[in-house]
Amino acid sequence: MLPADVPLCHLGAPVLLLLQLLLPPASAFFPNIWSLLAAPGSITHQDLTEEAALNVTLQLFLEQPPPGRAPLRLEDFLGRTLLADDLFAAYFGPGYPSRRYRAALGEVARANAAQDFLPTSRNDPDLHFDAERLGQGRTRLVGALREAVVAARALDHTLARQRLGAALHALQDFYSHSNWVELGKQQPHPHLLWPRQELRSLAQVGDPTCSDCEELSCPGNLLGFTLLTSGYFGTHPSKPPGKCSHGGHFDQSSSQPPRGGINKDSTSPGFSPHHMLHLQAANLALLASIQAFSLLRNRLGDRGFSRLLDITPASSLSFVLDTTGSMGEEINAAKIQARHIVEQRRGSPMEPTHYILVPFHDPGFGPVFITSDPDTFWQQLNEIHALGGGDEPEMCLSALELALLHTPPLSDIFVFTDASPKDAFLTNRVESLTQERRCRVTFLITEDPSRVQGRARREVLSPLRFEPYEAVALASGGEVIFTKDQYIRDVAAIVGDSIADLVTLPLEPPVVVPERPLVFSVDRLLQRVTVRIHGEVSSFRIRNPAGVSQDQEEGEGPLGHTRRFGQFWLVSMNDPLQTGTWEIQVTAKGTPRVRVQAQTSLDFLFHFGIPMEDGPHPGLYPLTQPVAGLQTQLLVEVTGLGSRGNPGDPLPHFSHVILRGVPRGAELGRVPLEPMGPRKRGLLAATLPPTLLSTAGPFSLELIGQDGVGQGLHRAAPQPSAVVPVLLEVRCLRKVRLGLEKTGRALPLTGPPPQLSGPPGFLAPGTKAPLSLRIASFSGPQDLDLRTSVNPSFALTFNLSRVRLEQNESAWGRLWLEVPDTAASNSVVMVTVSATTDGEASTVPPTHAFLRLLVLAPTPQDQLPAPVHSTDPVLTAGSSAFHLPTLGTRSMAGGGLVGNPWWRTVGVLLLLLGLASW
């Protein structure tokens, strides 16, 4: 235990981090920030993960000076709380957003925290270094790191982050759950990350390790010996006589002699009998996590590591192209835009990190082409030509699904076509995928009914045939733009603007209402505001807060420059804009579309979760979408808080969110936000109103606040969310109980049948992998039809096709996935399960669960992937689609302390150790 009079300069980084976070009560090595309501002053898995990533990112920035800018200096960061926004501003320049980086760190941190919540992992001792299964734990840890490397090299960064999070959880647990700290160790275990080294001095089955302890705090219960041990948790496996327990409120084994326990998860004796050693354990866990990140950087190279964590302010460029004979102009427009973006941004911080191209026609689509090299992308795009005729419709949504599954999250995807979808049955699945991936989809459609050349039509086509595109665009926060061949090159210019990380400003009302103006707010942090209007518009007028207005006349006006391309208007407003309330009055036939966008680094991420108080640890169980009838928390993470009108202004702050129904925009409620931790981290939380969660349906989020001088701030989420009718999850197992298991209490952490156990880590060719399905209803009786699909088309058997669930009832099903001998190693398989409400009259869209799995040929533990020297991987895949579900998308990304010169010495030593040992 640290003495009370230790000076701050002698404390390790986690201790200094703790003193600066000023977080509410928490439990250390507990999963995430929500756990900080149980034990004061603790450090969570999320803290350790993000702090380690920030330190290694800073290390990367120090060693790779930014082009055209002065090198960063370590002394400028010492003694400061290290925030992602500040790090990006120092390296790339003021105003460059860290949103994608923070989202990537959130993926890793959520995957880490999920190990304590998921039924398939929370009670597996191998995944937590429990029950003296230290050798098995090291095997699983190294295996997960290997899978992260393989997935990252295949450019499947979502899967790589998920496996990295699982590895980091186990690594950090070692220092809390074992007696490494009690043995007086001051550095991380030298052999834990290296499979070629044997773990030595391990306690054997017959070695007593603990004495009985009747108190909450057990500082002296470890017997005096020098062997490495860890505590038993729960009843699987049962604790042998004389062995230590994990201990704490949730551990059933701690009531069996010897009582007590040895975990250092938190500062609370009620949860952690060795709470007095929590900070030392956290310090070693942080050093070990820095070690792990440094090893990954070595294996992937700097560019590969940067892609893994999205260490860039830039977006990706993703095209889905119709290649039938009538598409010549559209393909040329896409080529022109791609060339312009490549040439304009080459070598700059906004150069796209990935280039994705998916062609389609009828009956084929794909393959998907992915590269990080702009010249390779341009060469591939330049080889595409409009060939053949083909009847409308085409396989557009199949190609879009493929693009979604390979495009990084928080990206824009652009679809060029002149045909309606032949595969409209995929609409709901693609909608769900856009929201899970948080990608916006914009359709550029050159539909011209008078055109007869190049596109054969065997029958009169419905004027509603483009509705699937409208549905996908609405769900993703994108739009459908109709134009003609003669304008497509000009209209396609929105591609370059869209990937510049523009935010969409909320309109009130969100759709055009006759005789009523659309209202939006402009604040001091917005630049490059554009107004886009398309439809059968007869006139429009834009007015600023001072009453100055401008109409639809083309050319330069008092407020900006107006251009028109057929039924599409683009107004580029002049900077600086007057702050305050602006109005747009539109007169049109039908329902025109209006969108206002701007450039700003002040934005936000949002996530959902369920507070859990039972299970191994308290915390927040993450969800991708709220579930009807289930109490849900909203977590908001504001990015770019360092942005302000003047450097001396106070930080902006946000007071509440507005929830609106989609698409009409009716206000559903205003929910106050509570800060979680210091304001500069921008973490806010709210309890969603029960009225919102009573029925399934889409809604949008708007964030309301004020800047440092009291002027209003108004931001909208890039895409809507939806309340889904049931909780649906699919997981991979090592073994599974046969048959259907039904339980009467539908809590997310209610355990599956006892025979379920943790994930195997990967699939092997020629094997049959068991999967489990969990479906739960919280809002009333549900009659559900269940369907599955696999891509590529591996055989999948399923024992549950229909189920009826009463309120607060759940069901478990099983699936068997057959991986053929011919399955390619280092490839990814996606399993999709959908649950549809029974009944033809049902208007509730299906709920989808996605599981992404890695096919990896078995490899001896000592054969880890070799260091990578090529930094420009290219992946070409067929029409198979891949995906991994993210249980929510919550992130704290940004809080940590670099500390004193300790960081320079330890960080460099750890990196050198990694280079020498891997």
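Conventions we followed
- Residues numbered from 1 in each chain as written.
- Predicted model: local features only at pLDDT ≥ 70, side-chain atom pairs only at ≥ 80, totals over all residues.
- Heavy atoms only, no water.
- Pairing = 2+ DSSP bridges.
- Helix = DSSP H or I, 4+ residues; strand = E, 2+ residues; numbered from the N terminus.
- Axes fitted to C-alpha atoms, helices over the stretch in contact; angles between N-to-C directions.
- Buried < 20%, exposed > 50% of the residue type's maximum accessible area, 1.4 Å probe, protein only.
- Salt bridge = Lys/Arg side-chain N within 4 Å of Asp/Glu carboxyl O.
- pLDDT = per-residue confidence, 0-100.
- Contact = heavy atoms within 4.5 Å.
- Core = buried A, V, L, I, M, F, W, Y, C linked by side-chain atoms within 4.5 Å.
- Disulfide = S-S within 2.5 Å.
- Polar contact = N/O pair within 3.5 Å; in protein donor to acceptor, adjacent residues only side chain to side chain.
- Right-handed = clockwise from strand over helix to strand, strands pointing away.

Draft legend 1. Representation of the sheet that holds strand β30 (residues 802–805) in the model. The antiparallel open sheet is built from four strands, whose spatial order is β30-β28-β32-β33. With partners counted over all chains shown, the strands left at the sheet margins are β30 and β33 (847–855), one partner each. Strand-to-strand twist of the sheet, defined as the mean angle between neighbouring strand axes without regard to direction, takes the value 25°. As paired elements, strand β28 (residues 782–791) and strand β32 (residues 827–837) share eight bridges and run antiparallel to each other.

Draft legend 2. Representation of unusual backbone geometry. With an omega dihedral of -5°, the bond running from His-236 to Pro-237 counts as a cis peptide bond. Of note, Pro-237 is situated in the loop between α6 (157–177) and α7 (278–308). Cis geometry is found at the peptide bond from Glu-508 to Pro-509, where omega equals -5°. Among the secondary structure elements, Pro-509 is positioned in the loop between β7 (502–504) and β8 (518–522). One non-glycine residue, Ser-201, adopts positive backbone phi at about 55°. Among the structural elements, Ser-201 can be located in the loop between α6 and α7. A relative accessible area of 46% means that Ser-201 is categorised as partly exposed.

Draft legend 3. Structural detail: the pattern of salt bridges. Scanning all chains against the criterion turns up 38 salt bridges. When the shortest N-O distance is used, the salt bridge between Glu-63 and Arg-297 registers 2.7 Å. On the criterion of sequence distance, the pair formed by Glu-63 in helix α2 (residues 45–63) and Arg-297 in helix α7 is long-range, its members being 234 residues apart. Residue Glu-63 is classed as partly exposed on the basis of its relative accessible area of 39%. A relative accessible area of 6% means that Arg-297 is categorised as buried. The salt bridge partner of Asp-124 is Arg-140, with a shortest N-O separation of 3.5 Å. Taken together, the residues Asp-124 in the loop between α4 (99–114) and α5 (134–153) and Arg-140 in helix α5 connect sequence positions 16 residues apart. Asp-124 sits in the buried class, given a relative accessible area of 7%. With a relative accessible area of 17%, Arg-140 lands in the buried category. Through salt bridges with shared partners, one network takes in Asp-124, Asp-126, Arg-133 and Arg-140.

Draft legend 4. Examining the confidence of the model for the protein chain more closely. The share of residues in the protein chain with pLDDT of 70 or more is 82%, and the mean pLDDT across the chain is 82. No element of the protein chain has a lower mean pLDDT than helix α1 (residues 13–21), which averages 27, and none a higher one than strand β11 (residues 555–556), which averages 96. Contacts from residues 449–459, a stretch scored under 50 in pLDDT, to residues over four places away or in other chains number 29 contacts. Overall, residues 861–918 carries pLDDT values under 50, and its contacts beyond four positions in sequence, including any with other chains, amount to 223 contacts.

Draft legend 5. Structural view of the sheet that holds strand β17 (residues 633–639). Overall, antiparallel pairing links the five strands, which are arranged β16-β15-β17-β21-β20 in an open sheet. Either end of the sheet is taken by a strand with one partner, and the two such strands are β16 (619–623) and β20 (674–675). Across the sheet, α4 lies against β15 (603–612) and β17, angled at about 15° from β15, the strand it touches most.

Draft legend 6. Spotlight on the nonpolar core. Within the largest apolar cluster, 70 residues are counted, with the highest numbers of intra-cluster contacts made by Leu-164, Leu-171, Tyr-175, Phe-293 and Leu-309. Elements represented by at least two residues in this core include exactly α2, α3 (84–92), α4, α5, α6 and α7. The contacts of Phe-293, once residues within four sequence positions are left out, are Thr-49, Ala-52, Ala-53, Val-56, Leu-164, Leu-168, Phe-305 and Leu-309. In this structure, Phe-604, Ile-610, Val-657 and Leu-727 belong to the second largest nonpolar core, which totals 39 residues.

Draft legend 7. Representation of the state of the cysteines. With the rule as written, the count across this model stands at two disulfides. A disulfide bridge connects Cys-210 with Cys-244, and the sulfur atoms are separated by 1.9 Å. The sign of the 95° torsion about the S-S bond sets the Cys-210-Cys-244 disulfide as right-handed. Residue Cys-210 is found in the loop between α6 and α7, and its partner Cys-244 is found in the loop between α6 and α7; the two are separated by 34 residues along the sequence. Cys-213 shares a disulfide with Cys-218; S-S distance 2.1 Å. Every disulfide takes its handedness from the sign of the S-S torsion; for Cys-213 and Cys-218 that torsion is -90°, giving left-handed. For the pair Cys-213 and Cys-218, a shared accessibility class is recorded, and that class is buried. Counting its disulfide-bonded cysteines in sequence order, the protein chain shows a connectivity of 1-4, 2-3.

Draft legend 8. Highlighting the side chain of Asp-124. Within the structure, Asp-124 has its side chain in polar contact with the backbone nitrogen of Asp-126 (distance 3.0 Å). Here the side chain of Asp-124 touches Arg-140 through a polar contact of 3.5 Å, side chain to side chain.

Draft legend 9. Looking closely at the pairing of strand β23 (residues 712–716). The element β23 is largely enclosed, with a buried count of four among its five residues. As paired strands, strand β22 (residues 697–706) and β23 are joined by five bridges and run antiparallel to one another. Bridge pairing in β23 links Gly-705 to Leu-713. In sequence, β22 turns back onto β23 through a hairpin of five residues, with Gly-710 there showing a positive phi of about 90°.

Draft legend 10. Looking closely at the pairing of strand β1 (residues 317–322). Counted residue by residue, β1 has six buried out of six residues, so it is predominantly covered. Of the two faces of β1, the one lined by Leu-317, Phe-319 and Leu-321 and the one lined by Ser-318, Val-320 and Asp-322 are each fully buried. Two strands pair when backbone bridges link them, and β1 and strand β2 (residues 355–360) are joined in this way by six bridges, in the parallel orientation. Directly across from Asp-322, in β2, lies its bridge partner Phe-360. You can see the chain leave β1, run along helix α8 (residues 328–345) and come back into β2, and the turn it takes is right-handed.

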